[in-house]
Amino acid sequence: MVQIKKVSTLLATIMVGSFALMPAASAATPTSLTATQKIMMRNLAEEEKLARDVYTYLAAKVTTRKFSNIARSEQTHMNYMATLLTKYKQWNPTTTRKAGVFYNQDIQALYTSLTTEGAVGLLPAYAVGVKIEELDIGTIEDLLLESLPVDVKAALELMLAASFNHLEAYQY
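The rules behind each value
Residues numbered from 1 in each chain as written. Predicted model: local features only at pLDDT ≥ 70, side-chain atom pairs only at ≥ 80, totals over all residues. Heavy atoms only, no water. Phe/Tyr/Trp six-rings, centres within 6.5 Å; stacked < 30°, edge-to-face > 60°. Lys NZ or Arg CZ within 6 Å of the ring centre and 35° of its normal. Helix = DSSP H or I, 4+ residues; strand = E, 2+ residues; numbered from the N terminus. Contact = heavy atoms within 4.5 Å. Salt bridge = Lys/Arg side-chain N within 4 Å of Asp/Glu carboxyl O. Buried < 20%, exposed > 50% of the residue type's maximum accessible area, 1.4 Å probe, protein only. Expected span 1.5 Å × (residues − 1). Core = buried A, V, L, I, M, F, W, Y, C linked by side-chain atoms within 4.5 Å. Axes fitted to C-alpha atoms, helices over the stretch in contact; angles between N-to-C directions. Parallel < 35°, antiparallel > 145°, perpendicular 65-115°, else oblique. Left-handed = near helix turned anticlockwise from the far one by under 90°. Nonpolar A, V, L, I, M, F, W, Y, C, P; charged D, E, K, R; others polar.

Draft legend 1. Spatial organisation of the packing of aromatic side chains. Under the definition given, this model contains 7 aromatic pairs. Ring-pair connections join several aromatic residues into one group, and the members of that group are Tyr55, Phe67, Tyr126 and Tyr170. Taking the ring centre of Phe102 as reference, the NZ or CZ of Lys49 above it sits at 4.4 Å. Lys66 extends its terminal NZ or CZ atom over the ring of Tyr126, reaching a point 4.5 Å from the ring centre.

Okay, structure coming up:
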């Protein structure tokens with residue numbers, strides 16, 4: 001698991017760092033985040049942690065590898081967010097939190113609710129996966145409506161595509 005995390009972190013760093021090599025952005029492309037975007041990015045980081053933590057919990061409760069596989073993907077999303085938050089000198093609310101513990105109390109309550117709901121069985125667990133992916137998709141789509149730096153937009157587009165794949169996997 002440590003090895004996978006190291007590889008995911010390395011890949012996220014390389015991917016996001018490679019955007020610095022892209023041609024210079026046009027005058028209309030921002031190079032920083034607004035105060036609202038910073039809040040949205042921190043919230044998305046916690047949503048990605050929510051997904052990873054719930055899926056990890058459900059992987060231990062139901063007999064399917066979907067949850068453990070997608071939990072690893074969510075860790076990659078967390079790595080993307082960590083890299084971006086560091087680059088834009090933003091506090092990452094996920095770095096010192098144990099599994100299932102969140103800074104945002106709404107997300108904390110959602111974790112409790114979703115793990116309780118999903119632990120009942122396989123179909124309710126899949127329904128929880130759908131809810132989480134729909135939440136992630138909505139948040140990412142809202143962020144993509146903003147005028148964003150190129151690296152942020154590229155990372156969000158990758159995460160959005162992955163979230164649609166996860167959603168499809170849970171819609172049995």
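Draft legend 2. Highlighting the environment of Pro30. Residue position: Pro30 is located in the loop between helix H1 (2–18) and helix H2 (35–61). Taking the C-alpha atoms as reference points, Pro30 and Pro149, separated by 119 residues in sequence, lie 5.1 Å from one another. Once residues within four sequence positions are removed from consideration, Pro30 is found in contact with Ser147, Leu148 and Pro149.

Draft legend 3. Examining the pattern of salt bridges more closely. Applying the stated rule across the entire model yields 5 salt bridges. Of the charged contacts in the structure, one is a salt bridge between Lys49 and Asp53, with a shortest N-O distance of 2.4 Å. Here Lys49 pairs with Asp53, and both are found in helix H2, just 4 residues apart, close to one helical turn. Taken as a pair, Lys49 and Asp53 share a single burial class, namely buried. Of the charged contacts in the structure, one is a salt bridge between Lys87 and Asp151, with a shortest N-O distance of 2.6 Å. With Lys87 in helix H3 (residues 66–87) and Asp151 in helix H6 (residues 150–170), this residue pair connects regions lying 64 residues apart in the sequence.

Draft legend 4. View of H6. Helix length check: H6 (21 residues) gives 30 Å between terminal C-alpha atoms against 30 Å at 1.5 Å per residue, within 8%. Asp151, Val152, Ala154, Ala155, Leu156, Met159, Leu160, Ala162, Ser163, His166, Leu167 and Tyr170 are the residues of H6 that are buried.

Draft legend 5. Region of the structure containing the nonpolar core. Counting 40 residues, the largest nonpolar core has Met41, Val54, Tyr55, Phe67, Val152 and Leu156 as the members making the most contacts within it. When contributions to this core are tallied by element, the ones reaching two or more residues are H2, H3, helix H4 (105–118), helix H5 (122–144) and H6.

Draft legend 6. Layout of unusual backbone geometry. Phi angles above zero are rare outside glycine, and Lys89 is one such case at about 55°. Position of Lys89 relative to the elements: it lies in the loop between H3 and H4.

Draft legend 7. Up close: the packing of H2 against H5. Where H2 contacts H5, the axes come no closer than 10 Å and their chain directions differ by 165°. What the angle tells us is that H2 and H5 run roughly antiparallel. For the pair H2 and H5, the sense of crossing is left-handed. Across the interface between the two elements, Gln37, Met40, Met41, Asn43, Leu44, Glu47, Glu48, Leu50, Ala51, Val54, Tyr55 and Leu58 of H2 pack against Ala125, Val128, Gly129, Ile132, Glu133, Leu135, Asp136, Thr139, Ile140, Asp142 and Leu143 of H5. Considering only residue class, the contact of H2 with H5 consists of 14 nonpolar, 4 polar and 5 charged.

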